[in-house]
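Here's the letter readout for the chains.
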Amino acid sequence: MTINMDTQSNSQSEALYDYLLRLGDSPLILGQRLCEWCGHAPALEEEIAIMNIGLDLIGQCRNWLELAAKTADNGQDADKLAFTRDAHQYRNLLIVEQPNGNFADTMARQYFYDAWHLFTLEALCNSNNRDIAEIAAKAVKEVRYHLRRSREWIIRLGDGTELSQQRMQQAIDDIWMYTGEMFEMDDIEKTLVQEGCAADQQQIKQRWLDEVAETLATATINHPDPDAYMQQGGKQGVHTEGLGFILAEMQFLQRAYPNATW
Amino acid sequence: MYAQMVDTGVKKIKTLEEMTQEEQAFQKKIDDEIKIEPKDWMPEKYRQTLIRQISQHAHSEVVGMLPEGNWVTRAPTLKRKLQLMAKIQDEAGHGLYLYSACETLGVSRDDLVEDLHSGKAKYSSIFNYPTLNWADMGAVGWLVDGAAIVNQVVLQRTSYGPYSRSMIRICKEESFHQRQGYEILLTMMREGNDAQKQMVQDAIDRLWWPSLMMFGPRDDDSPNSQQSLAWKIKRQSNDELRQRFIDQTIPQLEVLGCTVPDPDLKWNEETGHYDFGEIQWQEFYQVLKGNGPCNRDRIRTRKKAIDDGAWVREAALAHAEKHRDSNAA
Ligand SMILES: [Fe+2]
Ligand SMILES: [Fe+2]
Ligand SMILES: [Fe+2]
């Protein structure tokens, strides 16, 4: 079976393929963003932690993309999917492609994503698709640690110095409009939820809101307007300007030397 | 090598008769291969020499992340990206571990890092060379980590306990890095296209001599080595280590099907070693002085990272402080 990714279809395996790309592309792009920190982190301990989390994310991405390739059975593999798709074929959330900014920006992005990521993976552990449940069960252990760490940083910086509080507040306010997309379910996700293989974001949303409200309160950070206008489109392949440059850098060798073995 | 030129501050090695009783007891321990531990008495110059050597090594691990960070966002496959990320994470861990070993000698990491940024402290000259193509990630692992291992395997027996123990732990990971680096090159040579093979040869051409420079000056020009050897801070001379590295590396080079840019390199039946050409010592000393292709950039980048992160570290401290107060109250 061959899939034309540019046309929407409701057939089950095409929906599943798309959903797997969504699951794999977000950790890939976030992992890539974390790689950009290499050598620039605020302390050696953070160099290690950032690289460690990036490693987990890209490892998870590889599992999802391998499964996606297997599902599509169209001669792709995880590397082809990662290194030869263009931006409009990428299905990651907009939040993960946002620039690193300062350390508070990176941690705000990480925290909102980690909380969503953990709850989503926990739901996926109960997926009736055994491959999905297996990958999720492995990833859940890693992401539990990711969330604990990013939550700690939100609290530390929020309830730290005047300057760090101000920077954390700004970071939270800036990234907020990219959080809504995580819970928007289009037909693809709705179909798969009905089939029992995808995570129901309607159920995850409240848990996420509770988690975030509690952390921001502890961090003495003002909660952004819950009804604020939210950006979306990443899951459908409509991205921010940043993604094209991320891919240009990440895919350079595969683009310059097509089909080479590395 | 990671510590290439460590000043001992000693003009002439004392004879046993010239030593005080404390110094004699200390030297006897060293001679008997008993490790010196942080609380033991030690000559001030031994302590200073160790601080210089271990901190140079720590700085090298940290600065060494930059040439690899230069390619980690451009690794060609997910597997290669994961490998490189894991290596970089290891190197940061080595840095941390060595700074801790250094702190047992009564200095703080902050002060050591300050000395790096001010140019007072050195790090290995190799990291002042740029990484220009993907094969450099293979060549760095194979040659640079490879040269590091030759030195560090010997340093597992160094006289200072904490340093010796860090070397034992670090060496295992460095051998892994070396094999991984070599495998990157082997894959490109065996399964790659012409452009990839050229990348490999180009990387070796650029990194070969700088790798040999990692072992430091020739023994004749290494006035501090004698004291370091007597204290067993060093265990073998620069030239011995360099020769060992060449002898073990050339057969691996031949398996790759590559060459090194040294017309004088040839096997010597009589000595049982490879002869090799003269290192460009002027370049070596210039790079050590700060005039290599990347010196300025590397230090500016490291300084900027630590300066830009000051508010983060201050916030973490302030938060911990508040937390402590509220716990106490
Ligand atoms: Fe290392
Ligand atoms: Fe090392
Ligand atoms: Fe290494």
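Residues numbered from 1 in each chain as written. Chains lettered and ligands numbered in written order. Predicted model: local features only at pLDDT ≥ 70, side-chain atom pairs only at ≥ 80, totals over all residues. Heavy atoms only, no water.

Counting secondary structure elements, chain A contains 11 helices and 0 strands. Secondary structure of chain A in N-to-C order comes out as α-α-α-α-α-α-α-α-α-α-α. Taking 2.2 N^0.38 as the reference for a compact globule, 262 residues should give roughly 18 Å; the C-alpha atoms of chain A span a radius of gyration of 18 Å, in line with that estimate. Overall, the C-alpha framework of chain A stretches about 55 × 40 × 30 Å when taken along its three principal axes. Here the contacts in chain A between residues at least 6 apart in sequence split such that 79% fall between residues at least 24 apart. Summing over all exposed atoms, chain A offers an accessible surface of approximately 10,600 Å²; the carbon and sulfur share of this is 46%. (Helix = DSSP H or I, 4+ residues; strand = E, 2+ residues; numbered from the N terminus. Rg over C-alpha atoms; globule rule 2.2 N^0.38 Å. Contact = heavy atoms within 4.5 Å. Areas by Shrake-Rupley, 256 points an atom, 1.4 Å probe, with all protein chains shown as cover.)

Each partner contributes to the interface: chain A provides 48 residues, whereas chain B provides 49 residues. Counting each side, the surface lost to burial between chain A and chain B is near 4,100 Å², with a carbon and sulfur contribution of 71%. Per-residue buried area on chain A facing chain B is highest for Leu44, Leu55 and Trp262 of chain A; these three make up 18% of the total on that side. For glutamate 47 of chain A, the salt bridge is made with arginine 302 of chain B, and the minimal N-O distance between the two is 3.7 Å. One can count 13 residue pairs in polar contact (both at pLDDT 80 or more) joining chain A with chain B. Counting only elements with at least two residues in the side of chain A that touches chain B, the list comes to helix H1 (12-35), helix H2 (44-72), helix H3 (78-84), helix H5 (103-124), helix H6 (130-158), helix H7 (162-175), helix H10 (242-250) and helix H11 (252-256) of chain A. The leading source of residues in the side of chain A that touches chain B is H2 of chain A, at 12 residues. Of the residues that constitute the side of chain A that touches chain B, the class distribution is 27 nonpolar, 12 polar and 9 charged. (Buried area = accessible area lost by both parts, 1.4 Å probe. Salt bridge = Lys/Arg side-chain N within 4 Å of Asp/Glu carboxyl O. Polar contact = N/O pair within 3.5 Å; in protein donor to acceptor, adjacent residues only side chain to side chain. Nonpolar A, V, L, I, M, F, W, Y, C, P; charged D, E, K, R; others polar.)

A few words on the coordination of the iron ion (ligand 3). The textbook angles at a metal center are 109.5 degrees for a tetrahedron of four donors and 90 or 180 degrees for an octahedron of six. All names here are of chain B. Coordination of the iron ion (ligand 3) by the protein involves Glu91 (OE), Asp145 (OD), Glu174 (OE) and His177 (ND1), with metal-donor separations of 1.9 to 2.2 Å. Classification of the site at the iron ion (ligand 3) as irregular follows from its 4 donor atoms and the range of 90 to 149 degrees in their angles at the metal. Spacing between the donor residues of the iron ion (ligand 3) along their common chain follows E-x53-D-x28-E-x2-H. In this structure, the iron ion (ligand 3) is positioned 3.5 Å from the iron ion (ligand 1), and both are ligated by glutamate 91. Taken together, the positions of glutamate 91 in helix H4 (residues 78-103) and histidine 177 in helix H7 (residues 161-191) put the pair 86 residues apart, joining distant regions of the chain. For the residue pair glutamate 91 and histidine 177, the accessibility class agrees, reading buried in each case. (Donors = N, O, S within 2.8 Å, 3.2 Å for Na, K, Ca; no water. Tetrahedral: all angles 85-135°; square planar, octahedral: opposite > 155°, others 65-115°. Buried < 20%, exposed > 50% of the residue type's maximum accessible area, 1.4 Å probe, protein only.)

The subject of this paragraph is the coordination of the iron ion (ligand 2). Residues and elements named next belong to chain B. In the first shell of the iron ion (ligand 2), the protein supplies Glu61 (OE) and Gln152 (NE2), at 2.1 to 2.8 Å from the metal. Here the iron ion (ligand 2) and the iron ion (ligand 1) are spaced 3.4 Å apart, linked through glutamate 61, which binds each one. Here glutamate 61 is found in helix H2 (residues 44-63), whereas its partner glutamine 152 is found in helix H6 (residues 135-155), with 91 residues between them in sequence.

Here the focus is unusual backbone geometry. All names here are of chain A. Positive phi outside glycine occurs at threonine 220, with the angle close to 55 degrees. Relative to the helices and strands, threonine 220 resides in the loop between helix H9 (201-218) and H10. When its relative accessible area of 39% is taken as the criterion, threonine 220 is described as partly exposed.

Next up on the list: the packing of aromatic side chains. Residue and element names in this part refer to chain A. Across all of its chains, the model carries 18 aromatic pairs over all chains by this definition. Centre to centre, the rings of tryptophan 37 and phenylalanine 103 are 5.9 Å apart; their planes meet at 85 degrees, and the pair counts as edge-to-face. Taken together, the positions of tryptophan 37 in the loop between H1 and H2 and phenylalanine 103 in helix H5 put the pair 66 residues apart, joining distant regions of the chain. The exposure classification of tryptophan 37 matches that of phenylalanine 103, with both residues buried. Of the aromatic side chains, those joined through ring pairs into one cluster are Tyr111, Phe112, Trp176, Phe183 and Trp208. Seen from the ring of tryptophan 153, arginine 156 lies directly overhead, with NZ or CZ sitting 4.5 Å from the centre. (Phe/Tyr/Trp six-rings, centres within 6.5 Å; stacked < 30°, edge-to-face > 60°. Lys NZ or Arg CZ within 6 Å of the ring centre and 35° of its normal.)

Glancing now at the layout of surface pockets. Which parts of space are left empty comes out when a probe the size of a water molecule is rolled across the atoms. Considered as a void within the structure, the largest pocket measures approximately 640 Å³ in volume. Taken together, 29 residues form the lining of the largest pocket, with Pro42 and Ala43 of chain A together with Arg109, Asp110 and Arg313 of chain B sitting closest to its centre. Elements with a minimum of two residues in the lining of the largest pocket: H2 and H6 of chain A together with H4, helix H5 (109-118), helix H12 (295-308) and helix H13 (310-328) of chain B. It is H5 of chain B that contributes the most residues to the lining of the largest pocket, 7 residues altogether. Taken together, the residues that form the lining of the largest pocket break down as 14 nonpolar, 3 polar and 12 charged. (1 Å grid on protein atoms, 1.4 Å probe; cavity = no way out; pocket = protein on both sides within 12 Å on 5 of 7 lines; lining within 4 Å. Points joined across faces, edges and corners; volume = space filled by probe spheres on them.)

Next up on the list: the confidence of the model for chain A. Interpretation of this model should avoid reading the predicted coordinates in detail wherever pLDDT is low. Averaged over every residue, the pLDDT of chain A is 95; residues scoring 70 or more account for 96%. Here residues 1-10 of chain A is a poorly scored stretch, pLDDT under 50, and it has 19 contacts once near neighbours within four places are set aside; other chains count. (pLDDT = per-residue confidence, 0-100.)

Okay, the packing of H5 of chain A against H9 of chain A next. Residues and elements named next belong to chain A. Where H5 contacts H9, the axes come no closer than 10 Å and their chain directions differ by 140 degrees. Between H5 and H9, the interaxial angle falls into the category oblique. Like other packed secondary-structure pairs, H5 and H9 cross with a definite hand, here right-handed. Across the interface between the two elements, Tyr111, Phe112, Ala115, Trp116, Phe119, Thr120, Glu122 and Ala123 from H5 touch Gln201, Ile204, Arg207, Trp208, Glu211, Val212 and Thr215 from H9. Tallied by class, residues from the contact of H5 with H9 come to 9 nonpolar, 3 polar and 3 charged. (Axes fitted to C-alpha atoms, helices over the stretch in contact; angles between N-to-C directions. Parallel < 35°, antiparallel > 145°, perpendicular 65-115°, else oblique. Left-handed = near helix turned anticlockwise from the far one by under 90°.)

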